[in-house]
Amino acid sequence: MSGSYISRKLSGLIVECDLLLQWKEKDLADIICDVGFSCMLCGRCCTTEFNGHVFLLDSDAKRIMDMDPSLLIPAPEFELADEMGNFYVSGYALRVLEDGSCIFLSKNRCQIYNERFAICRIYPYMLHREPDRRKNLEFRQISGLNEHGEYNCPVSDNDAHVFARETIAYEHAWLMQMIDFYTAAGELFEQKRTRHIRAVYDKKIQEFRKGTPVCVHVWYNGKFVPVTMRCEDYRGFGWP
Ligand code: SF4
């Protein structure tokens, strides 16, 4: 496997996947009932001001690819750079308008609500590991807790179980996409006799943000798709 950084990322993802599979639907459903989140239709979660970007699983990216590929953009947080300064990213995100709102958001309402994407269906529920204040990795169950919506509202047992089931399924699919991405990147880097070096990554990101176009290899449908990107393509994502 090329480079210890990729190996470490892969090991962490595999551990997370094992831990995720130990979660029981009932345990997450109980937390969902206890929190009692209720959406207030503020629309904030569909903006980059509140959530960095809407990452799409391959199955959702494919739906948009078939509809209108120009609505997709390589997800803005590129994971890797090779020694030549080419970036690699684990999938596509939805494009946003210049004010940072999702292209499907209008008057605080989703225009494709009944066909919205997997991440949008489960939001704000989640089951990711994130560092706490002491940098210990812990599972988080609600995104933006106490920053939007109402709490302590009644949630039916049936709804809580559906949210829990869909959340665990989404997180598993996301982890599998990440594991596939890092595995393929590791093999490619080995073939090309290159590696991920943080200093190269940082330098290239600085140049990119100053206007130099870069090649981004997007992991999609089991292969890397090269795309030339410019900083201005990311207008609305909170970049300079
Ligand atoms: S697709 Fe709909 S629910 Fe998802 S971020 Fe866009 S507006 Fe929000």
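Keep in mind the model is a prediction, meaning the values are calculated, not measured. (Residues numbered from 1 in each chain as written. Predicted model: local features only at pLDDT ≥ 70, side-chain atom pairs only at ≥ 80, totals over all residues.)

Q: Where do I start with the site of the ligand in this structure?
A: Around the ligand sit C46, V54, C102, F104, L105, C110, I112, R116, F117 and C120, and that is every residue in its neighbourhood. Residue composition of the shell around the ligand, by class: nine nonpolar, no polar and one charged. (Near = placed C-beta within 6 Å. Nonpolar A, V, L, I, M, F, W, Y, C, P; charged D, E, K, R; others polar.)

Q: Sorry, what's going on with the environment of G238 here?
A: Structurally, G238 can be placed in the segment after β10 (223-229). Spatially, the C-alpha atoms of G238 and G52 are 8.2 Å apart, while their sequence positions differ by 186 residues. Ignoring sequence-local partners within four residues, the contact set of G238 consists of T48 and G100. (Helix = DSSP H or I, 4+ residues; strand = E, 2+ residues; numbered from the N terminus. Contact = placed C-beta atoms within 7 Å.)

Q: Where do I start with the packing of helix α1 (residues 4-22) against helix α5 (residues 157-192) in this structure?
A: Interhelical geometry of α1 versus α5 gives an angle of 160 degrees and a closest axis separation of 10 Å. Considering the angle they form, α1 stands roughly antiparallel to α5. Between α1 and α5 lies a crossing whose hand is left-handed. Only I168, E171, H172, L175, M178, I179, Y182, T183, A185, G186 and F189 of α5 make contact with α1, whose side of the interface consists of I6, K9, L10, L13, I14, E16, C17 and L20. Of the residues contributing to the contact of α1 with α5, the split by class is 13 nonpolar, three polar and three charged. (Axes fitted to C-alpha atoms, helices over the stretch in contact; angles between N-to-C directions. Parallel < 35°, antiparallel > 145°, perpendicular 65-115°, else oblique. Left-handed = near helix turned anticlockwise from the far one by under 90°.)

Q: What's the story with the nonpolar core in this structure? I'm lost.
A: The tendency in soluble globular proteins is for nonpolar side chains to be buried as a group. I32, L56, V89, Y92 and A93 are the most contacted members of the largest nonpolar core, which has 48 residues in total. Tallying contributions element by element places α5 first for this core, with 10 residues. Excluding residues within four positions of it along the chain, Y92 makes contact with L56, A61, L72, I73, P74, A75, V218 and Y220. (Core = buried A, V, L, I, M, F, W, Y, C linked by C-beta atoms within 7 Å. Buried ≥ 20, exposed ≤ 12 C-beta atoms within 10 Å, placed from the backbone.)

Q: I keep staring at the pairing of strand β9 (residues 214-220) and nothing clicks. Help me out?
A: Within a regular strand, side chains alternate between the sheet's two faces. Most of β9 sits out of view: five of its seven residues are buried. Relative to β9, strand β3 (residues 87-89) runs parallel, the two being bridged by three bridges. Residue pairing for β9: V89 is matched across the bridge by V218. Sheet analysis places β9 next to β10, joined by seven bridges and oriented antiparallel. Directly across from W219, in β10, lies its bridge partner F224. Counting the residues in the hairpin turn of β9 and β10 gives two residues, including N221, whose phi is positive at 55 degrees. (Pairing = 2+ DSSP bridges.)

Q: Looking at this model, I keep getting lost on the sheet that holds β3. Mind explaining?
A: The strands that make up a sheet pair up through hydrogen bonds in the backbone, lying either parallel or antiparallel. The four strands lie next to each other as β2-β3-β9-β10, forming an open sheet whose pairing is mixed. Each edge of the open sheet is held by one strand with a lone partner, namely β2 (80-81) and β10. Sheet topology places β2 next to β3; two bridges connect them, and they run antiparallel. The partner of A81 across the bridge, within β3, is F87.

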